[in-house]
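Residue-level listing of the chains:
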Amino acid sequence: MFDDDDAEATKWAGKWERGFLKAASVHLDVNETQLINDMVHITKSTLCEVSLTPIPGNKNALRLTREGKEISQDEIKLILNRNSKQTIMNKLQLMAKSLGLALTATEDDVLSKIEALMESEKAKADEISKLKLSIKEKEDAEVAAFDKKCIQLVDDAAAAGKIGKDKDTKDTYVRFAKVDFDGTKKMLDSIAERMPLSNRVNNEIGNAAPVDRAGWSFRDWEKKDSRGLRLMKKENPEQYKALLDSLNAELKSKGAI
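Keep in mind that what you see is a predicted model, and the values were worked out from it rather than measured.

**Q** Give a description of the packing of aromatic side chains that names residues and reports values.
**A** Taken as a whole, this structure holds four aromatic pairs when the rule is applied. Pairing Y173 with F176 gives two aromatic rings, centres 6.0 Å apart and planes at 80 degrees, and the pair type is edge-to-face. Linking Y173 with F176, this pair stays in helix α4 (residues 167–179), spanning three residues, or about one helical turn. Assessed through its relative accessible area of 18%, Y173 is described here as buried. With a centroid separation of 5.6 Å and an interplanar angle of 65 degrees, the aromatic rings of F218 and Y240 are classed as edge-to-face. Highlighted residues: F218 in helix α7 (residues 218–224) and Y240 in helix α9 (residues 237–253), separated in sequence by 22 residues. Overall, F218 belongs to the buried group, its relative accessible area being 7%. A relative accessible area of 16% means that Y240 is categorised as buried. In this structure, K15 packs its charged tip against the face of W12, placed 5.9 Å from the ring centre. Positioned over the ring face of F181 is K149, at 4.5 Å from the centre of the ring.

Conventions adopted
- Residues numbered from 1 in each chain as written.
- Predicted model: local features only at pLDDT ≥ 70, side-chain atom pairs only at ≥ 80, totals over all residues.
- Heavy atoms only, no water.
- Phe/Tyr/Trp six-rings, centres within 6.5 Å; stacked < 30°, edge-to-face > 60°.
- Helix = DSSP H or I, 4+ residues; strand = E, 2+ residues; numbered from the N terminus.
- Buried < 20%, exposed > 50% of the residue type's maximum accessible area, 1.4 Å probe, protein only.
- Lys NZ or Arg CZ within 6 Å of the ring centre and 35° of its normal.

Any link to function would need more than the numbers given here.
If you want it as structure tokens, here you go:
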């Protein structure tokens with residue numbers, strides 16, 4: 001604001017309006033400062049004087065005093081340094097409090113506590129890793145035991161003649177057992193065991209006690225149980241072929257064929 005009734009003020013107003021003078025120097029008497037983001041801010045002051053100036057970057061354009069006494073550049077630096085140290089101390093105390101240490105704890109105390117906590121966290125992480133590995137090993141062992149149980153169930157059923165002994169058939173039932181073990185076991189249990197060929201022959205011809213045919217040759221079967229031989233050819237072709245091969249070998253050795 002310029003005094004229009006004052007010729008001298010009007011002259012300076014013209015310089016301002018024409019852009020010859022573009023800034024103002026101020027004289028502030030500092031009442032209060034505050035450290036914000038590690039920078040000292042003047043939060044309260046008294047404006048003592050304002051002067052127009054053509055050079056905004058002139059460091060002497062700002063004049064600071066405190067209680068009427070001028071503050072030198074060196075004093076400003078001291079204030080900055082003191083506030084920075086105070087900030088560091090405040091942060092150190094906050095860290096000490098967060099770590100459960102006394103507010104009088106030194107930087108070494110804080111560092112030692114941090115190192116101890118890091119070691120403790122590392123030990124906990126190692127323990128968790130070991131626990132996870134132990135759980136995985138236990139789970140893997142349980143899976144392996146269950147797989148073995150499924151395979152044994154199917155092998156037993158195949159041995160009892162309830163299902164085929166070929167790999168595809170057994171693999172199919174093993175897959176069923178892994179999905180529903182109890183249901184598969186119940187289904188296999190409901191299938192009647194296949195009676196040994198000798199027992200079936202005995203039952204069909206009405207023998208009260210089964211005859212031991214383990215050592216019978218092809219001729220024995222022909223003479224003593226031709227019906228059983230026909231049944232063997234149908235249901236156990238491997239055994240039938242073995243007996244026939246043995247007979248042919250015998251006849252060949254005698255020159256009969």
